[in-house]
Each structure stands twice: as structure tokens, then as C-alpha cells.
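Observations on the three-dimensional arrangement
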Amino acid sequence: MSAEREQAAKPGMMPSPVRAYVRGVDAMNRAVGKVAMYGVFVMMGVLLFASVSRYVFNIPFLWVIEMAQFLMAAYYLLGGAYSLQMESHVRMDVFYERWAPRTRSFWDSITAFCLVFYLIYLLRGGFSSTAYALQYGQKNYSAWAPLMWPIKMIMTVGIGLMLLQAISVFFKDLARVIGREIE
Amino acid sequence: MSYELIALLMFATMMVMLVTGQRVFGAIGFVATIFALLLWGKGAAEMPFASTITLLNWYPMLTLPMFIYMGYMLSESGIAGDLYRMFHVWTGPLPGGLAIGTTLLMVAISAMNGLSVAGMAIGASVALPELLKRNYDKVMVTGVIQAGSSLGIMIPPSVVLVLYGMIARQPVGQLWLAGVFPGLLLASLFVAYILIRCKLQPHLGPPLPLEERQQISWGERFRLLRAGIVPLVIIFSMTGLFLMGVTSLVESSAVGALMATLVAWYKGRITREVMRATLMKSLGVSCMFMWVILAALAFGAVFDGLGAVKAIEILFLDKWGLEPWQVLVLMQLTYILMGMFLDDTAMLIIVAPLYVPLIISLGFNPIWYGVLYTVTCQIAYMTPPFGYNLFLMRAMAPPEITIRDIYRSIIPFVLIMTLGLTLIIIFPQIALWLPSLYYGHIADPGL
């Protein structure tokens, strides 16, 4: 503990709230991502169940297709933040690849505002769409007609986590540009 | 400002954003959002989220994580390694034999998986080190792996044809069958090229030395053939059951994923480490594709709002007075050109909705066009400066392979693929014969 406090006092470090934010958000999104990655098995299970129940037992279930779709949305939106942390996202790297790490971070920390801008509007849309679904008890247009607010809420949470992670990545890039330690 | 100018401005802004090296989904999503706000004001603020709902309703998209998971399962568990050894022994004695074996391995992987990522991962981790160790020319083998893995989106199952089928509203079963012969045609052209080139320049791909071949007994050789049972079982349970109407499209991809897991488990290859790597890489790559598609859908929605489909039709037919086939060639050329600089998945989502209605109204067969589209996609995947296969190759290749090598390696293969594309345009039956045989009606190419 005391060692940590000493480190915090040292110059050349990012301010401690920033470091706490980065540590906290990264840990949270890693945990969420490690759970979300098992979503592949759940999707597989639902789809196999659909095919067995329909073909072998001749009982088609109304809910399987939508359930699988909901799982898919949850999978990539909740896992998104962790994939951002792992740097899984493709970039056009003709120039990017030739730059020094610091130059890369410099450009990333500038264009991060564009990324955050997009995510804020995604989140805003998510909020209003979820609020609408809650208020009017919106149901999907289908035979199963599930309530839409639970999945919309999960999707909005996923986008929110993505936004938090984008800000965390921004702080890490900024730290590299101004030459300070963050971790 | 005219709509054409706005559309051009959008593309230009996107290019500038991409050059900065920001993640593709962020760059495209940002351009879509800001243009929607500038064009339509506050009412468009919820447009970015609307595309998540569009995506939510695209049921066939579920094939994407299934195939990605399956690909990594095959590569991480080492099943693909067994398969490689089989081809290695059987094709080794030919000039350039190991490169030919690698191409055949890629065909087998392509028939089990709907993306080129799986072939890239397997090619770079299994085949590449082996080929380099045996003094194969590095430029040659890099090209073989990139071109071979691109077959993943042509030979059924194919995620690109699923996406095309959704956008063009065409049956995926017919599209998949239409991809069989064009895929095999391209593979044969690759093999012919390797064979001829290595016959003329033996140092590029020496055959396996005689001593080494004699070390492997005939019994051993036939035992290795058992590795070939795995793809047959997976292909039957996945594509076979789908074409027989037992499983639906999406279910068949889940069956494939299950089969790959079961085979790996049966062979005792599933460890904690294999599972962890498979799940993590699947999550990363699935999210990468899904977020790009999400942003591209928003971009496409803005284009749609601008009336871009009509604008292109007026430009091609009325202003330039082009013949239908000229329009077709122009479309392919612009697609390859744009595919060089822009993200290929995003291009598919943005451009296909613009081109497909025009293709149908000109009277071309949309199934046949789907195949042309996929070949063009394959080329776009490989051409610098932007291509997924290039991107993946760079991430996976050993350090002795430079970017220059990677860029140079694709030249002959891009030429071969262009030849293949031309052949399919001139002889549409290459694509249409199988679906018309299976579905029992004569498909008309509309030429």
C-alpha cells in the first residue's frame, strides 16, 4: 500500500484519478468480456436446440430465432469494450504502421474525439430507444412478441462500456504522448 | 449543395479519417453520424443506434461468430496441422508440391469455413514455417497462403455470400452452390500456376528430396489419409445437411462449430489453453467485424437518404449512356479500386445496396452477380494498401517476411483471379450450372 502511495507522489505519473479510472475500467471490461466470450456456446446451444427440436421431435419453438439474435447482439456489444482493449479492431495502417509508437498515440489521441463522438450518439440513441421501450412496453413484431426493453438495455450497457473503454484508451495514448507513466 | 457532391465529400472525409489510422469502425461511424446531423439536424441523432436494431434483425449474421469460432477451433486445436501433413506427404514429390498441398489444404478449410480468417490463421501458423524451412521462396508462399485463404469466402459455406444474399434478397442455398465451381476453378488456376512456375524455376519450390520421401512408408502414407475424414465429416454435417433441408442456414453453422469442437475433443486436443485462445480470438474478431458492419450500416443509411441508388443509375445510364455490360465492368473496376483503399467489409455493406438494384434492373442474374461480387471481394481482400488478408498476414507472418514481400507476393495471384473473374463473366455457366441442376430450373445469366 505504502509503495503505491509513493509511486503516486512521484512526478512523471498521470494524475491518480486518471490512473484509477483506467485501472478500474480496464478491469471491469476485461471481466465483462471474459464472460461475454462464452456467449458463443450459448448461441451454439440455442441454435442446435432449435434444429434438434424441429427436425427430430418436430416441435418448432417460436422463440429460438429471436433468442439467438438477442444473444448475438449481447455478445458483440458487451464484448466490444474488451475487444477494444485487446486492440482487435482493424485500422487502415498504410501510414500508421510506419509511425513510431508515440506518433501513433498522438494521432489516436486526437481522433479519439471522433470515436467518442460516434459512441456518444450511439449511447444517446440507446437511451432514448430503451426509454421508449420501457414506457410503452414495446414488443417485437413476431409470433413470440418478446418485450424489447431488456435486450435494448443490455445493448445500451454494452455501448456505455465501449465509451468508457474508448476514454480509457485515450488516456493511455495521451500518457504516451506526454511521456508519463499510467500503469 | 448537390447530393453527388455531398456523397463525394462523405467518401473524402472517410478517407482522411482512415489515413489517420483510427479504427475503421470509429472512422466510418463518425463520418456517418456527423453527416446525418449536418444533413437532417437533430432528427438524425438516433440514426447510429437504429443500425444496431437493423443488425439485431439480421438473423443470418449469426453465422459469423459461429464460423469464426469454428476456424479458430480448427487452427488452435491442431486438427488443421494433421490435414497439412497429409497433403504434405502426398503432393510433396511434385515441383512446388508443398505449395500445391497448401492450396489444397486451403480448399479443404474453405469448404469447412465461411471466412478467410481461418485459412490465414492456419496457413500462417501451420504451412508457412514448414515451407520456409524447406527453402520455398518466401514471396511465393506468402502469396499462396493469401490467395488460398481467400477461397474461404467463395467455396461454400461463405459469409460474404450470406451478406450478399441479405442485401440482394437472394436465396443463400443457390448462392453457395453457385460458388462451388468458381472456387474450384480459381484453386485449379493457382495449382497450375505453381506447377508451371516451379517447373521453370525449381529453386522457388523444390520437391521433397528422395531420401525424405523414402523414410515415409506406404502404410504411414495411407494412415495419414485418415486426417482427410475430418473435413468430409464436417462438410457433410454442415453444408450437406443444409442442402438436404435438414438444418436451416444458421443452424448449419452451429452444427459445424459443434462438429469442430467434437472432433478436437475426440482427438484429445482440447486443453484449457486451446479453449481460452479460441474463445478470446473469436470474441476479438467477431467484435471487429460486427462493429465495422454496424458503422457501415449507418453510413449506408445516410447514402440511402441521399438517394444514391437513383443517382448512380442516372449517372451510368442517362449521363454516360453506357451499355449494360459496360456498367457491369465499370462496377467491378470501381469496386476493386475502392476496395483497395477502404475497408472491404464496410465496402460490401455500403456499395452492394447501391449496385444490386441496378444489376437486377439491367436484367443480369443476381445469383451470378453474387459470384462476381465475391471474386471481386477476394481481390479487394488482397490488394494493398488496404486488405484484410494483408492486414492479417502482417500480424501473423514471421519477421523475415517484410511488407514488401507481402505486397509483391500477391501480384501473380491477383492477375490469376482477374483471369478467373473474366472467365466467369464470359461463361456464366461456371457459376450457374450447379444451382440450376440442384434446384431444377435453368438459371438465366441475363446476358
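Since this is a predicted model, take the numbers as computed values, not measurements. (Residues numbered from 1 in each chain as written. Chains lettered and ligands numbered in written order. Predicted model: local features only at pLDDT ≥ 70, side-chain atom pairs only at ≥ 80, totals over all residues. Heavy atoms only, no water.)

So, about the nonpolar core. The biggest cluster of nonpolar side chains holds 215 residues, and the ones touching the most others in it are Met61 and Trp291 of chain B. With 20 residues, the single largest contributor to this core is helix α15 (residues 272-305) of chain B. Look past the residues within four positions of Met61 of chain B in its chain and what remains in contact with it is Met72 of chain A together with Leu55, Leu163, Met166, Met290 and Ile293 of chain B. By size, the runner-up hydrophobic cluster in this structure holds eight residues, among which are Val18, Phe170, Phe171 and Ala175 of chain A. (Core = buried A, V, L, I, M, F, W, Y, C linked by side-chain atoms within 4.5 Å. Buried < 20%, exposed > 50% of the residue type's maximum accessible area, 1.4 Å probe, protein only. Helix = DSSP H or I, 4+ residues; strand = E, 2+ residues; numbered from the N terminus. Contact = heavy atoms within 4.5 Å.)

What follows deals with the pattern of salt bridges. Residue and element names in this part refer to chain B. For the structure on display, the rule yields 14 salt bridges over all chains. In this structure, Asp405 engages Lys138 in a salt bridge whose closest nitrogen and oxygen atoms are separated by 3.1 Å. Remark: Lys138 occurs in helix α8 (residues 138-150) and Asp405 occurs in helix α21 (residues 403-409); sequence separation between them is 267 residues. The exposure class assigned to Asp405 is buried, which follows from its relative accessible area of 5%. (Salt bridge = Lys/Arg side-chain N within 4 Å of Asp/Glu carboxyl O.)

The next subject is the interface of chain A and chain B. Often the size quoted for an interface is simply the accessible area lost on bringing the parts together. Listed per partner, the contact involves 66 residues of chain A and 63 residues of chain B. Across the interface of chain A and chain B, roughly 6,000 Å² is buried in total on both sides, 75% from carbon and sulfur atoms. Viewed at the interface, chain B and chain A are joined by two salt bridges. A salt bridge links Glu87 of chain A to Arg23 of chain B, with the shortest nitrogen-to-oxygen separation between them at 2.8 Å. Our enumeration of links across chain A and chain B arrives at nine residue pairs in polar contact (both at pLDDT 80 or more). (Buried area = accessible area lost by both parts, 1.4 Å probe. Polar contact = N/O pair within 3.5 Å; in protein donor to acceptor, adjacent residues only side chain to side chain.)

This part is about the confidence of the model for chain B. Per-residue confidence for chain B gives a mean pLDDT of 85; residues scoring 70 or more make up 98%. Model confidence for the complex is summarised by a pTM of 0.89, with the ipTM given as 0.91. (pLDDT = per-residue confidence, 0-100.)

Let us now look at a nonpolar patch on the surface. All names here are of chain A. A surface patch of nonpolar side chains, about 670 Å² in accessible area, is lined by Phe49, Val52, Tyr55, Val56, Phe57, Ile59 and Phe61. Structurally, Phe49 is set in helix α3 (residues 39-55). Note on Phe49: relative accessible area 37%, which makes it partly exposed. (Patch = residues over 30% accessible without salt bridge, like charges linked within 9 Å, V, L, I, M, F, W, Y side chains within 5 Å. Areas by Shrake-Rupley, 256 points an atom, 1.4 Å probe, with all protein chains shown as cover.)

With that settled, the discussion passes to the packing of helix α16 (residues 308-319) of chain B against helix α18 (residues 344-361) of chain B. Residues and elements named next belong to chain B. Packing of α16 against α18 brings their axes to within 9 Å, and their N-to-C directions diverge by 55°. As the angle between them shows, α16 and α18 are arranged oblique. Pair α16 / α18 crosses with right-handed handedness. For the pair α16 and α18, the contacting residues are Ala308, Val309, Ile312, Glu313, Phe316 and Leu317 in the first and Pro353, Leu354, Tyr355, Pro357, Leu358 and Ser361 in the second. (Axes fitted to C-alpha atoms, helices over the stretch in contact; angles between N-to-C directions. Parallel < 35°, antiparallel > 145°, perpendicular 65-115°, else oblique. Left-handed = near helix turned anticlockwise from the far one by under 90°.)

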